[in-house]
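# Observations on the model geometry
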Amino acid sequence: MIIPNVTREHEGSFLCEVSNGIGAGLSAFVKVAVHVGPSVTVFKKLVNIRRGEHVTMRCEATGDHPLDITWRTKTNTIDDSFKFQYRIKKSPMVHGLSSDLTILRTSLHDNGDYTCIAKNIYGHDLGVIKLLVQELPNAPINFHVTNLESRSVTLEWSSISQESNLSHEVMENSQPILKYILQYKKAEDSWTDYNNQNRLPGDRTTTQLQLLKPAQTYHVRLYSENDIGISAPSDVLFITTDSEVPSAPPNDVMVDALGPQQLLITWRAPIRDTWNGEILGYTIKYQRNGFITGFRNYTKVNRLPPDGFNNFRLSGLDKYTQYEITISAYNIKGDGPPSDIVLGHTLEDAPSASPRSVSCNALGSQNIQLFWQPPLKEFCNGIIQGYKIFYEPRLLENQLTARETKVSSALTTVLHGLQPFTNYTIQVLAFTRAGEGNLSNSVSCITEEAVPDAPERVKSIVSSESSVIISWMPPRRPNGLIIKYDVYIRVLEKGKELKILKEILPSQQLYYEVKGVIKKETYEAWVTSSTKVGQGPSTPVIKFIANNVVPAAIISFSQVLRQGWTVDLHFPCIFVGSPKAAVKWNVVNNQSKKHIQMEISKNNTLSLRNIQRAHEGNYTCMVKNLFGSDQITYQLFVQVPPSTPIVSITSIEKKSISVQWKVDDIGGSFIKGFTLKYKREIGLWKELLLDARLNSVVIENLQCGTPYQITVSSYNRIGTSPSSEIKTIKTKGEKPVAPHDDILIRLNTTSISLELSSWQDGGCAISHFSIEFKRNEPSNRWIIVSNKVESHSRYLIGDLEAGTAYKLRVTAYNNAGSTKEELCFTTLNINELYKEKDLVKTIISDSQLIAVIVTSIFGIFLALAGALICIKKYSRDTTLDDSKITDGLNMETSTQSCDHFYGTLRKSYRNNEPKSAFKHSISPHNREGIKPYAKFDLHDNENVFQNNSQGQIRKILNIQPSSCIANSPLYSAEIKLDSSLTHVNDITTSLRNVQLNRKYNHINTDKENNISSKLSKSDSEEYDILNSDGEQCDEFPVKSKFFSPQNVAVDNATWTTPIMRKSSAT
């Protein structure tokens, strides 16, 4: 009988009966015992699990006992007593055995095939379960900006970390990325579920964020998502969009008048959301109202506070003028839209020009009519309220007259009550409510002639027995040109008028000799003068009679003479007398002690040639005879140009200098005016003609911080004085002052921005800048960016190379001079730009990250405190004396049920150390055979101790499981044993001083499993150092209070001990 495919059901007794029909048949019992080899059943061949969770894989095996099931993965046998992450549970069944393999915490390295192997004496079978560990996707890496604009940014990233150590198999088992979640927020906001986010397809590695705001800082992060869930976020990008010009004008613009040339402009900054960058300042444009050519005047206002009202004083405007004003904010990109036009009107001021076309004509001997035109409208500086007319006669130099004033609202007027035949100097000015304007140039008008006054003096002198001389002086006010003198002589006889004689004399003759005078008759005489208008009044009537005696007498009169210098002067002294009188000239009170040369003519006239100031004095002519004497005196004043003015500076301002002066000697003639000259050190002289009544003036409209030269001269009718000593004065203000380097320059990768507004102007407005740069190399030449940068705000220099050293030279100019500043800088590189600056900014600004950091620090403190407590306890436990340690060693040896022990200690791998290992064995049977100071070499991956050694170490360290670090994912220890140790006590001491290095795996448990997989070697990889035939014991791991057994390492390559013998196996 053949039973194909025998199964367990075929087991039993079989009866075989044979019969051939002859006699009784034969039969036999056949007992069939079916021995069943293992048969493995796997109910779930593919197991999916999320990383970090535990998973149980089950297989069932049927077959005859004794039946055993083992698990293998990746050619390694799984032993749960060695690998703590595995748990194997075996359960008997009716006809077999089941085994559950549990992985407590899965990682990506647990991916793969797990083989369930069932064995009995009849064979073996296996089943394969494929474990697929899935995890959340990795965070996107290399998340960076590829293009940045003002309202959009283009981003790019990589989907899989380039630093990943995952195998190709693991990568194949990873779930594909289904989508990306892009989340972004403003820098000042916190990360919440309500942040803006975009969902992107999983095959995308680039995107563009749009509808952003210019010059806004955003935080952007990216998540990846698969079927398992959402990854951790990528590194946060800190993005500041590019700027745009402001999109709104300033608010609440108002204008108030501060003065004739100043308007106060106030405004508020635009709404902050419309700045589109940092507001660097404002552009104020203005023009006269009514102009249609567009704004040509503007000024830049820098560094104003962003909140509240800003104000600016607009100066140098036209007086009493209405202006159209707009304001726009500007940033690094330029000016934003202007505000609506507001109107401002400067206040009135005194007219800055005099009336035009001043003219006059005489209306008689005492009236002058005056005409003029108003100043040009642009110089009126307000509404003309009227005009003032100043007039004064130009009389003889010895007559000081007061200037008279008349006010008129018309453009013509008549001056009344003037002196006849007098030259009047007339000036006109216009005035407004704010003050008086400039005087017009002088015009001269002469009134018409009138009859003259009477001759000033008259006298009679007996010249002989029958003649008398009548002499007189010209009228003080001739009121015209004297054309004749009329001499009247009245003859009286006994008091009665007999006749009147009239003699007409030319104007140059000032005496008349009356001849034929009869004794005993009385005569009366008087004199009149005449102009073309007519005859004037007569002198007082004088009486004279004939006389036989002719005393000495002088016909001329004493006079006071004021004469300009450098002319010839004649003093007549006509005299009579009989006998002839003696004549003598005396000079008194002359200023010079030197002898004065005088010429006396035959007619007794004294002549002075080229008179000078030294000729001043009293010149007296004296005559004398037997009957009498007489004298006349000429008092001479020589008029010269004034002396040099003494100039002093009373005040100095940025744009003005106040000058004062005095003249000690006016030269004998009244000052007619002053001439002030001034100029820059390099420039042409400018003149100011000043009124004689002034002794100070303010020179305005000067340049700030500029040296000026000033000199003053005076003049009278004789001439001009020497110019005063030149005064060199510098207006207030200094050269520009350079800022600190870190304020002036802002670095970027391929550009720098210069904060030109950080320069101090030194009191004088900076006119422009010159900017140059070059590489920081001696051979390079300076590259001129611009010779005239008139902007006072931020200036950008581009097209530089990242991470390159340069030299920069900035020169600032103002009226006071120039200041040159040279500095070195190095442009940033990309890493500095994004890692250093933005990292600090983000850590400070992100409150959630700060909370995480604080929590982590607190956790570290708690962990350190726990570690200190454990170390303290460990220190107490290792205070056992040597005898107790020895007893512990003996007890450990005696209580073992096996003859040989295995202890495995694996060396920690260090790339920077030479690889070495040692083999060392201790047996209770051959301990005495080991020679003192035996040396054992340690080979790579074969760092093995026998269990005796391991037991000794465990006894010495009193190593027991502890809860101090039970929850820690990974710890490692290094046991360093010096080769100089010669006694077990030395070994004990060394082990007490073991150096413990705690290493915390902050990523995941993959590294832990890496170590476990390396330590999970096959049976062939365990070494029987003694080469004994005894039954091997199970591997006995060292269990430390602080460290997992697979992490214990021996660093020293050689041990030396006196209590060990070298094993025969060695």
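In this report, we go over the structure that sits alongside the text. (Residues numbered from 1 in each chain as written. Predicted model: local features only at pLDDT ≥ 70, side-chain atom pairs only at ≥ 80, totals over all residues. Heavy atoms only, no water.)

The strand order across the open sheet formed by 4 strands is 62-61-64-65, and the pairing between neighbours is antiparallel. On the outer flanks of this sheet lie strand 62 (783–789) and strand 65 (817–826), each paired with one strand and no other. Here the strands of the sheet are splayed against their neighbours by 15° on average, with no regard to which way each runs. One ladder, built from 4 bridges, connects strand 61 (residues 766–775) with strand 62; its direction is antiparallel. (Pairing = 2+ DSSP bridges. Helix = DSSP H or I, 4+ residues; strand = E, 2+ residues; numbered from the N terminus. Axes fitted to C-alpha atoms, helices over the stretch in contact; angles between N-to-C directions.)

This part takes up the pattern of salt bridges. Following the criterion strictly, the structure yields 35 salt bridges and no others. One salt bridge in this structure joins Arg268 and Asp252, with 3.3 Å as the shortest N-O distance. Placement of the pair is Arg268 in strand 20 (residues 262–268) and Asp252 in strand 19 (residues 251–259), with a sequence separation of 16 residues. Judged by relative accessible area, Asp252 falls into the partly exposed class, the value being 44%. Within the structure, one salt-bridge network assembled from shared partners comprises Arg490, Glu497, Glu524 and Lys543. (Salt bridge = Lys/Arg side-chain N within 4 Å of Asp/Glu carboxyl O. Buried < 20%, exposed > 50% of the residue type's maximum accessible area, 1.4 Å probe, protein only.)

Looking now at the environment of Ala765. Considering the arrangement of structural elements, one finds Ala765 in the loop between strand 60 (752–755) and strand 61. What makes Ala765 exposed here is its relative accessible area of 61%. Taking C-alpha positions, Ala765 is 9.1 Å from Gly733, a pair spaced 32 residues apart along the chain.

This brings us to the side chain of Thr447. Mapped onto the fold, Thr447 is located in the loop between strand 34 (443–446) and strand 35 (458–464). At 2.5 Å, the side chain of Thr447 and the backbone oxygen of Gln419 are in polar contact. Separated by 2.7 Å, the side chain of Thr447 and the backbone nitrogen of Phe421 make a polar contact. Setting aside its immediate chain neighbours within four residues, Thr447 contacts Ala362, Gly364, Ser365, Ile368, Leu418, Gln419, Pro420, Phe421, Thr422 and Tyr424. (Polar contact = N/O pair within 3.5 Å; in protein donor to acceptor, adjacent residues only side chain to side chain. Contact = heavy atoms within 4.5 Å.)

Time to look at the pairing of strand 8 (residues 86–93). Pairing of strand 8 with strand 9 (residues 96–103) involves 8 bridges; the strand directions are antiparallel. What sits directly across from Ser91, in strand 9, is Ser98. Here strand 8 folds back onto strand 9, and the loop between the two strands holds 2 residues.

All right, on to the state of the cysteines then. Here the structure, examined in full by the defined rule, presents 4 disulfides. Residue Cys59 pairs covalently with Cys116 via a disulfide, S to S 1.8 Å. The sign of the S-S torsion, about 40°, decides the handedness of the disulfide formed by Cys59 and Cys116: right-handed. Highlighted residues: Cys59 in strand 5 (residues 55–62) and Cys116 in strand 10 (residues 112–120), separated in sequence by 57 residues. With respect to class, Cys59 is no different from Cys116; both count as buried. (Disulfide = S-S within 2.5 Å.)

Below, the discussion takes up the nonpolar core. Counting 23 residues, the largest nonpolar core has Met57, Ile69, Trp71, Tyr114 and Leu131 as its most contacted members. Taken together, the elements giving at least two residues each to this core come down to strand 3 (39–42), strand 4 (46–50), strand 5, strand 6 (68–73), strand 9, strand 10 and strand 11 (123–134). In terms of residue count, the dominant contributor to this core is strand 5 (4 residues). Excluding its chain neighbours within four sequence positions, the residues that come into contact with Met57 are Val47, Trp71, Ser99, Asp100, Leu101, Ile103, Tyr114, Ile129 and Leu131. (Core = buried A, V, L, I, M, F, W, Y, C linked by side-chain atoms within 4.5 Å.)

As summarised here, the arrangement of the 3 strands in space is 59-60-63, forming an open sheet in which the pairing is antiparallel. In this open sheet, the two strands that pair with only one neighbour each are strand 59 (745–747) and strand 63 (794–797). Looking at each pair of strands side by side, their axes are set apart by 25° on average, direction ignored. Looking at chain direction, strand 60 and strand 63 are connected through 4 bridges and run antiparallel. Across the sheet, Leu754 pairs through a bridge with Tyr795, a residue of strand 63.

On to the pairing of strand 28 (residues 368–373). Burial along strand 28 is one-sided: Ile368, Leu370 and Trp372 are buried, and none of Gln369, Phe371 and Gln373, which face the opposite way, are. Between strand 27 (residues 356–362) and strand 28, which follow one another and run antiparallel, lie 5 residues, and Gly364 among them has a positive phi close to 160°. As paired strands, strand 28 and strand 31 (residues 412–415) are joined by 4 bridges and run antiparallel to one another. Note on strand 31: the bridge partner recorded for Leu370 is Thr413.

Aromatic ring pairs are reported here in terms of the distance separating the ring centres and the angle at which the planes meet. In this structure the tally under the stated criterion is 17 aromatic pairs. Centroid distance Tyr184 to Tyr218: 6.4 Å. Interplanar angle 65°. Geometry classified as edge-to-face. With a gap of 34 residues between them, Tyr184 in strand 14 (residues 179–186) and Tyr218 in strand 17 (residues 217–225) connect regions that are remote in the sequence. Here Tyr184 and Tyr218 have matching classes, each one buried. Between Tyr488 and Trp526, the aromatic rings sit 5.5 Å apart at their centres with planes inclined by 15°, giving stacked as the arrangement. Taken together, the residues Tyr488 in strand 37 (residues 484–493) and Trp526 in strand 40 (residues 522–530) connect sequence positions 38 residues apart. Take Tyr488 and Trp526: they sit in the same class, and that class is buried. Members of the aromatic cluster, each reached through a chain of ring pairs, are Phe571, Trp585, Tyr619 and Tyr634. In this structure, Arg562 is placed above the aromatic ring of Phe637, and the distance from its NZ or CZ to the ring centre is 4.8 Å. (Phe/Tyr/Trp six-rings, centres within 6.5 Å; stacked < 30°, edge-to-face > 60°. Lys NZ or Arg CZ within 6 Å of the ring centre and 35° of its normal.)

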